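# Working through the structure, step by step
Below, each chain spelled out in residue letters.
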Amino acid sequence: MRKVYGVIGFPVEHSLSPVMHNAAFEALGMDCVYEAFEVKGKDLECAIAGAKRLGFGGLNVTIPHKEAVIKFIKPDRVAAEIGAANTIDFKKMKAFNTDAPAAAQALRDSGVDVRQKNALVLGAGGAARAVVYALLKGGASVTIANRTPAKAADLAAYMRAVGDVFGTSLDDLREKVRLADLVVNTTPVGMRWEDRPLVTRDMLGRSQAVFDLVYRPLDTPLLKEAKAAGAKTVDGIAMLARQGALSFELWTGVKPPLDVMERSARDAA
Ligand code: ATR
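Residue positions are given per chain, counted from 1 along the sequence in the order it is written. Only residues with pLDDT of at least 70 are given local features in this predicted model, and only at 80 or more are side-chain atom pairs given and counted; all residues enter the totals for whole chains, interfaces and linings. Side-chain metrics in this entry use all non-hydrogen atoms of the structure; hydrogen atoms and water are not considered.

### Overview of the pattern of salt bridges
- Here a salt bridge means any side-chain nitrogen of Lys or Arg lying within 4 Å of a carboxyl oxygen belonging to Asp or Glu. Per the counting criterion, the structure on display carries 17 salt bridges.
- For Lys-42, the salt bridge identified is with Asp-43, shortest N-O distance 3.2 Å.
- Between buried and exposed lies partly exposed: a residue is buried under 20% and exposed over 50% of the maximum accessible area for its type, with that area taken using a 1.4 Å probe on protein chains only. Here Lys-42 falls in the exposed class, since its relative accessible area comes to 70%.
- Lys-66 is paired through a salt bridge with Asp-99; the nearest N and O atoms lie 2.8 Å apart. Separated by 33 residues along the polypeptide, Lys-66 in the loop between β3 (58-61) and α3 (77-82) and Asp-99 in helix α4 (residues 99-109) bring together distant segments of the chain. Comparing Lys-66 with Asp-99 shows no difference in burial state: the two are buried.
- One connected set of salt bridges, linked through shared partners, spans Asp-109, Asp-235, Arg-242, Glu-262 and Arg-266. Numbering goes from the N terminus for both helices and strands, where a helix is a DSSP run of H or I of at least four residues and a strand is a run of E of at least two.

Listed below in structure tokens is the structure:
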């Protein structure tokens, strides 16, 4: 019987995951389908139990459920350390985090080495958790700068067991950017074309790298600024495709064609 996979979140209608996973299933000739399901917080536990009972192959979990999901499904060690998960495997009945290894891979594949580098992470929400973890595990020192400084301090305190991390405000951003080898945007700033990026070309230089988790528009205002300054850039689709490929492999045991997944997501972005 055809296996069903999906992503649960709210809102989820614009998710690129169905396009990406269905492209991989088709390329591999697997009789499987991947759909997006809108699930609100109060229904999260029910939806997960329902998907399991219906025999789903696996689920991705996205905004705003990545932190709540580990209350209902036991996280593996990495997801527990991050405090968030984006992948449920019903065979193992475990929740995993493929965002963190995907962030590390996206940087590595773009030729950005983080070992012993200073990284500045903008934002301290769910997306920042996985990125901060990946950067610390990769040997970077991390400064988390957030609009609400208390949240940056809390996340830094949570991650201090993993590595050298500090939380602060968005004040004096120019100086914070100057001290960074790598700037990562995990805030939604840039999703609307009229958004003014938090970091602009006059703050950046050729020796720096800029990674924007926002992938719609693909060429975000921040990435445009980074390119204008001659900085190296890594876009959000690179990370999205890699987290999808890692989830796919967890569920099926098959390594999917990353190029197919990434191209389908880029075409649909
Ligand atoms: P996600 O799961 O995508 O990380 P989130 O948990 O809601 O979403 O976190 C969004 C992050 O972007 C937060 O760090 C938020 O800052 P606050 O903690 O002050 O809310 C940040 N953010 C959202 N809109 C922003 C804006 N216009 N300027 C600066 N930071 C913003």
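### Details of the site of the ligand
- A single heavy atom is enough: if one lies within 4 Å of a molecule or strand, its residue is considered near that molecule or strand. Around the ligand, the surrounding shell holds 13 residues, and the nearest of these are Ala-124, Ala-127, Asn-146, Arg-147 and Thr-148.
- In the analysis that follows, any N or O atom pair within 3.5 Å is treated as a polar contact, provided that within protein one partner can donate a hydrogen and the other can accept it, and provided that, for residues neighboring in sequence, both atoms belong to side chains. Note that an oxygen atom of the ligand is positioned 3.0 Å from one of the backbone N or O atoms of Gly-126.
- Between Asn-146 and the ligand, the recorded distance is 2.7 Å, taken from a side-chain N or O atom to an oxygen atom.
- Notes on the ligand: free accessible area 650 Å², of which the protein chains cover 70%. All accessibility values rest on the Shrake-Rupley procedure with a 1.4 Å probe; residue burial counts only the protein chains present in the view.

### What about unusual backbone geometry?
- With omega at 0°, the peptide bond leading from Phe-10 into Pro-11 counts as cis.
- Residue position: Pro-11 is located in the loop between β1 (3-9) and α1 (17-28).
- Each neighbour pair has its own omega, and for Ile-63 with Pro-64 the value is 0°, a cis peptide bond.
- The residue Pro-64 is located in the loop between β3 and α3 in this model.
- With a phi angle near 50°, Met-93 is a residue other than glycine that sits in the positive phi range.
- With respect to the helices and strands, the residue Met-93 is situated in the loop between β4 (87-89) and β5 (94-96).
- Within the chain, Asp-172 stands out as a residue other than glycine whose phi angle is a positive 50°.
- Mapping Asp-172 onto the fold places it in the loop between β8 (165-168) and α7 (173-178).

### Considerations on the packing of helix α5 (residues 126-137) against helix α6 (residues 149-159)
- Orientation is described by lines fitted to C-alpha atoms, with helices fitted over the stretch in contact, and by angles between N-to-C directions that extend from 0 to 180 degrees. At a closest axis distance of 11 Å, the pairing of α5 and α6 adopts a crossing angle of 45°. The orientation of α5 relative to α6 falls into the category oblique. When the axes of α5 and α6 are compared, the crossing they make is right-handed. Within the contact between the two elements, α5 uses Ala-128, Arg-129, Val-132, Tyr-133 and Leu-136 and α6 uses Leu-155, Tyr-158 and Met-159.
- Residue composition of the contact of α5 with α6, grouped by class: seven nonpolar, no polar and one charged. Note on angle classes: values under 35 degrees are labelled roughly parallel, values over 145 roughly antiparallel, values of 65 to 115 roughly perpendicular, and the remainder oblique. Should the near helix be turned anticlockwise from the far one by less than a right angle, the crossing is termed left-handed; should it be turned clockwise, right-handed. Residue contacts are defined here by distance: any two heavy atoms, one from each residue, within 4.5 Å place the two residues in contact. All amino acids are sorted into three groups, where Ala, Val, Leu, Ile, Met, Phe, Trp, Tyr, Cys and Pro are nonpolar, Asp, Glu, Lys and Arg are charged, and the leftover types, Gly among them, are polar.

### Thoughts on the nonpolar core
- Nine residue types can take part in a nonpolar core, namely buried Ala, Val, Leu, Ile, Met, Phe, Trp, Tyr and Cys, and a core is a set of them joined through side-chain atoms within 4.5 Å. By size, the foremost hydrophobic cluster in this structure holds 36 residues, and its most contacted members are Val-132, Leu-135, Val-142, Ile-144, Leu-182 and Phe-211.
- For this core, the elements supplying multiple residues, two or more each, are α4, β6 (118-122), α5, β7 (141-145), α6, β9 (182-185), β10 (209-212) and α9 (236-252).
- Sequence-distant contacts of Val-142, defined by excluding residues within four places in its chain, comprise Ala-119, Val-121, Val-132, Leu-135, Leu-136, Asp-164, Val-165 and Phe-166.
- Core analysis: the next-biggest nonpolar cluster, separate from the first, contains 17 residues, Met-20, Tyr-34, Ala-241 and Ala-245 among them.

### Thoughts on the side chain of Thr-220
- Relative to the assigned elements, Thr-220 resides in the loop between β10 and α8 (221-228).
- In this structure, Thr-220 is in contact with Asp-212 and Val-214, ignoring residues within four places of it in sequence.

### Quick look at the sheet that holds β1
- Two strands pair if DSSP finds at least two bridges between them. Taken together, five strands build an open sheet; the order of strands is β2-β1-β3-β4-β5 and the sheet is mixed. Bordering the open sheet on either side are β2 (32-38) and β5, each of which pairs with just one other strand. Recorded for the sheet is a direction-independent mean angle of 20° between the axes of neighbouring strands.
- Each of β1, β2 and β3 touches α1; the most contacted strand, β2, lies at about 170° to it.
- Relative to the sheet, α9 contacts β1, β2, β3, β4 and β5, its axis offset from that of β4 by approximately 10°.

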